[in-house]
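The lines below spell out each chain.
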Amino acid sequence: VSEKNATYDLRNEFYSIEMYNGLSSVLAANSCRFTTEKSSLNTSHLIYKIYQKAGFKPLWTINHRLNSSALEVIHLINKAEHYGLDKRVYHVDQINRLHNKILKTINSDSLLMLRQDLELLLTDASINFMIHLHRGIISTDSLFNDKFNSALTNYLYESIGSRNTSEKILALQPDNLHYRNLQQALVNFLNDNTIDDKTREIPDPCIDSARSYNEAKSVLMRLGYLTESDNLSDTSIIHSIKEFQRYHGLATDGVLNKNTRIAMSVSTKERYFKIALNLDRLRKDVEYRSERIFVNIPSYQLKVVKEDQVKRTFNVVVGRPYTPTPEITSRIERITTAPRWNVPKSITMNEILPRVKKDSTYLARHNFKVIDKQLNEVSINNIGWKDMNRDNFDYYFVQKSGRSNALGLIKFTFKNPYRVYIHDTPSKRYFN
C-alpha cells in the first residue's frame, strides 16, 4: 500500500506543472528576497542554482506535505544551539506556521503560494545552516562568488532525499579535535544547565564568610556541583568548589578567592555565548594542519599537535588586557637562535624612553644600541635624552643577542599584520 501511495504522490507531483512554473518564475524574477512571511532570504542566488539543478521541482514537499528530508532538517535546526547557533536565523517559526497553514488551506492558488514560500524558506535555512557549520558566521557579501558556496548547492541537492540528510549536513563541521571536543562539551553543558542570564554576586569571605559560602553553595547546587542528596558538610562544599575550579581552569585550592568568585558570578547564558563564540572561531580557522602549534591564550598554554595528538605542552606568557595577544592563524617561516630585538615603536615610546630619561645607564646595562633612520649606529652619549619626545625621536632601539635579551635564546617568526611572534624570555619567573 505504501508503495502505491508513493507512486500516486510522485505522479501527482509530476503533473503539478503550476508548482514548477511558480518556482521558476519567482526565482527567475529574483523576487524571493522576501517571502509572504516577511523573512529575508540571504541566499537567493544559491537558491536559484539548486532549483535550477532540480528542474524547479519541489525539494522539501510532496503533495503539500513535508518529506523526510525536510523533517530531518527542521529537527536539526531546532537543535541549533547544540552547535552554538541561533535557530531563529533559520526561519523555524515561519516554517512551522506555513506548514500549519498549508494543512488547513483548501484554495489551490493560496496553497501554491504557501508551498512556494515553504520551499524557499527551507532551502535558505539549510544553506545558511550548512555555511555556518562549515565556515562560521560570515557577512552576507561573503556568500557571493565563492567556490565553496557553489559546491554547496550540489552537496545539498545530493543530500536531499537520502536517508541521512542531517548526517550529511553535520559532516560539514570542522574535523579537528579541538572543535569536536568543544562541541560535545557544549551539548553536555546544555543538558546539565538551564540557560538564563541570572547572576549571583559572591561576597569576599574575609568580609562575610557565612553569606559568601551560602551564595557559593547556591551557585554550586544550581550548576550541579552539589545536590540536595549530598552531605552538605564543609568538606563536601570545599570538594565541590575544587571541582568547579578544575572545570573552569582555576587553581584547585577550594578557596573562594577573587577569580573563583568572578567565575561563579557568570550567568549560564554568558557562558553559553563564550562557548558558541569559540566554536565560531574554530570554524573560521581554515588553516588547520596535521602538524601545528596551537596557542590557547586564556589558558596560557602552547600545544604541539600532530595528527590530532598533543605531543608537547608548554606554558606561555600572553599580552596584558591593554596590550592583548591577537587571534591569528599563520605558518611559521623562520626560527632564529640568539635573536636581536628590534624594539617596536610603541614599546620604545611607552616603556624604554621614559626609563632612559630617568637612568642614563639603562641602555648600556641592558645591551641596547641606538640606530638612526639610515640604519647607522649612534652613540648613546650624543643624544639629549631629556629633550626627546614622541615628535622628535627619530631613532630605533636594538637589543643585542645574548642571555639578557628580551627575546631569550629563540624566536619563531610568522606572517601577521600585528608584528607579533613567539619567543623565549630570560624572565622565567613569569611561567609560574
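Computed from a predicted model, the values in this text were never measured in an experiment. Along each chain, the written sequence defines residue order, and numbers are assigned to residues from 1. Note on the predicted model: pLDDT of at least 70 is required for a residue's local features to be given, and 80 or more for side-chain atom pairs to be given and counted; whole-chain, interface and lining totals, by contrast, use all residues. Think of the side-chain values as coming from all heavy atoms in the structure, minus any hydrogens and water.

1. Some remarks on the overall build of the protein chain
Each helix corresponds to a stretch of at least 4 residues labelled H or I by DSSP, and each strand to a stretch of at least 2 residues labelled E; elements are numbered beginning at the N terminus. Along the backbone of the protein chain there are 15 helices and 12 strands. Compactness check: the protein chain gives a C-alpha radius of gyration of 30 Å against a globular reference of 22 Å for 432 residues, more than 25% above the reference. Principal axes of the C-alpha set define a box for the protein chain whose edges measure 95 × 65 × 40 Å. With a 1.4 Å probe rolled over the protein chains alone, any residue whose accessible area is under 20% of its type maximum counts as buried; one over 50% counts as exposed, and the rest are partly exposed. Within the protein chain, buried positions represent 39% of all 432 residues. In what follows, residue pairs with any heavy atoms lying within 4.5 Å of each other are defined as contacts. Nonlocal contacts in the protein chain, meaning residues at least 24 apart in sequence, comprise 59% of its contacts between residues at least 6 apart. A total of about 25,800 Å² of accessible surface is found on the protein chain, and carbon and sulfur atoms cover 50% of it. A distance of 6 Å separates the average location of the 61 positive side-chain charges in the protein chain from that of its 47 negative side-chain charges. Just to be clear, the radius of gyration here is over C-alpha atoms, and the globule rule we use is 2.2 Å times residues to the power 0.38. Per-residue accessibility takes into account occlusion by the displayed protein chains alone, with areas from the Shrake-Rupley method and a 1.4 Å probe. Counting rule applied: Lys, Arg positive; Asp, Glu negative; His and chain ends not counted. For the purpose of locating charges, the reference atoms are NZ of Lys, CZ of Arg, CG of Asp and CD of Glu.

2. Some details on the environment of alanine 185
Counting through the fold element by element, alanine 185 comes out in helix H9 (residues 177-192). With relative accessibility at 37%, the residue alanine 185 sits in the partly exposed group. Distance from alanine 185 to isoleucine 275, taken between C-alpha atoms, is 8.9 Å for residues 90 residues apart in sequence.

3. Remarks on the sheet that holds strand S8 (residues 368-371)
Within a beta sheet, neighbouring strands are joined by backbone hydrogen bonds and run either parallel or antiparallel to one another. Paired strands are those between which DSSP finds at least two bridges. Strand order in the open sheet formed by four strands is S7-S10-S8-S9, with antiparallel pairing between adjacent strands. Looking at which strands have only one partner, the edges of the open sheet turn out to be strand S7 (341-342) and strand S9 (377-378). The pairing of S7 with strand S10 (residues 396-399) spans two bridges and is classified as antiparallel. Counted as the bridge partner of asparagine 342 is valine 398 from S10.

4. Quick notes on the sheet that holds strand S5 (residues 309-315)
Across the sheet, three strands lie side by side as S3-S4-S5; this open sheet has antiparallel pairing. Looking at which strands have only one partner, the edges of the open sheet turn out to be strand S3 (291-296) and S5. Ignoring strand direction, the axes of neighbouring strands in this sheet form an average angle of 20°. Inspection of the sheet shows S3 paired to strand S4 (residues 301-306) by six bridges, in the antiparallel sense. Paired with isoleucine 293 across the strands is valine 304, a residue of S4. For every element, the axis is a line fit to its C-alpha atoms; helices are fit only across the contacting stretch, and the angle between N-to-C directions ranges from 0 to 180 degrees.

5. Thoughts on the side chain of aspartate 372
By the element assignment, aspartate 372 lies in the loop between S8 and S9. Basic side-chain nitrogens of Lys or Arg form a salt bridge, by our definition, when they fall within 4 Å of a carboxyl oxygen of Asp or Glu. Summary of buried charges: aspartate 372 has no salt-bridge partner, and the nearest side chain of opposite charge, lysine 373, is 10 Å away. Once residues lying within four places of it in the same chain are set aside, the contact partners of aspartate 372 are Val378, Asp394, Tyr395 and Tyr396.

6. Notes on the packing of helix H10 (residues 209-222) against helix H11 (residues 234-247)
The geometry of H10 relative to H11 is characterised by a closest axis approach of 11 Å and an angle of 60° between their N-to-C directions. Taken together, the axes of H10 and H11 are oblique relative to one another. The two elements H10 and H11 meet at a crossing, and its hand is left-handed. Counting all contacts with H10, which are made through Tyr213, Lys217 and Leu220, the residues of H11 involved are Ile237, Ser240, Ile241 and Phe244. Only Asp, Glu, Lys and Arg are considered charged in this grouping, and only Ala, Val, Leu, Ile, Met, Phe, Trp, Tyr, Cys and Pro are considered nonpolar; every other residue, Gly among them, is considered polar. Split by residue class, the contact of H10 with H11 holds five nonpolar, one polar and one charged. Roughly parallel covers angles under 35 degrees, roughly antiparallel covers those over 145, roughly perpendicular covers 65 to 115, and oblique covers all other angles. Left-handed describes a crossing whose near helix is turned anticlockwise from the far helix by less than a right angle; the clockwise case is right-handed.

7. As for a nonpolar patch on the surface
Patch membership requires over 30% relative accessible area and the absence of a salt bridge. Like charges are linked within 9 Å, and nonpolar side chains (Val, Leu, Ile, Met, Phe, Trp, Tyr) within 5 Å. Taken together, Ile293, Val295, Ile332 and Ile335 make up a surface patch of nonpolar side chains, about 310 Å² in accessible area. Position of isoleucine 293 relative to the elements: it lies in strand S3. Classification of isoleucine 293 as partly exposed rests on a relative accessible area of 39%.

8. Considering helix H4 (residues 68-78)
Among all positions in H4, only Ser69, Ala70, Val73, Ile74, Leu76 and Ile77 are buried. The buried residues of H4 occupy one face: seen down the axis, they fall within an arc of 160°. The opening residue of H4, the one whose side-chain oxygen lies 3.2 Å from the backbone nitrogen of serine 69, is asparagine 67. Summarising the geometry, the arc corresponds to the directions from the helix axis toward the C-beta atoms. Polar contact is defined as a pair of N or O atoms within 3.5 Å, subject to the rule that within protein one atom must be able to donate a hydrogen and the other to accept it, and that residues adjacent in sequence are counted only when both atoms are side-chain atoms.

9. Considering H11
Here, expected helix span is obtained from the residue count minus one, scaled by 1.5 Å. Over its 14 residues, H11 extends 20 Å from the first C-alpha to the last, a length consistent with the 20 Å expected when each residue adds 1.5 Å. Within the sequence span of H11, burial applies to Ser236, Ile237, Ser240, Ile241, Phe244 and Gln245. For H11, the secondary structure elements touched by its buried residues are H10 and helix H12 (258-265). Positive backbone phi, approximately 70°, marks glycine 249, located one or two places after H11.

10. Section: the nonpolar core
Residues belong to one nonpolar core when they are buried, are Ala, Val, Leu, Ile, Met, Phe, Trp, Tyr or Cys, and are joined through side-chain atoms within 4.5 Å. Core analysis: the largest hydrophobic core is formed by 55 residues, its most contacted members being Tyr51, Trp60, Leu120, Leu122 and Phe129. The element contributing the most residues to this core is helix H6 (residues 108-135), with 12 residues.

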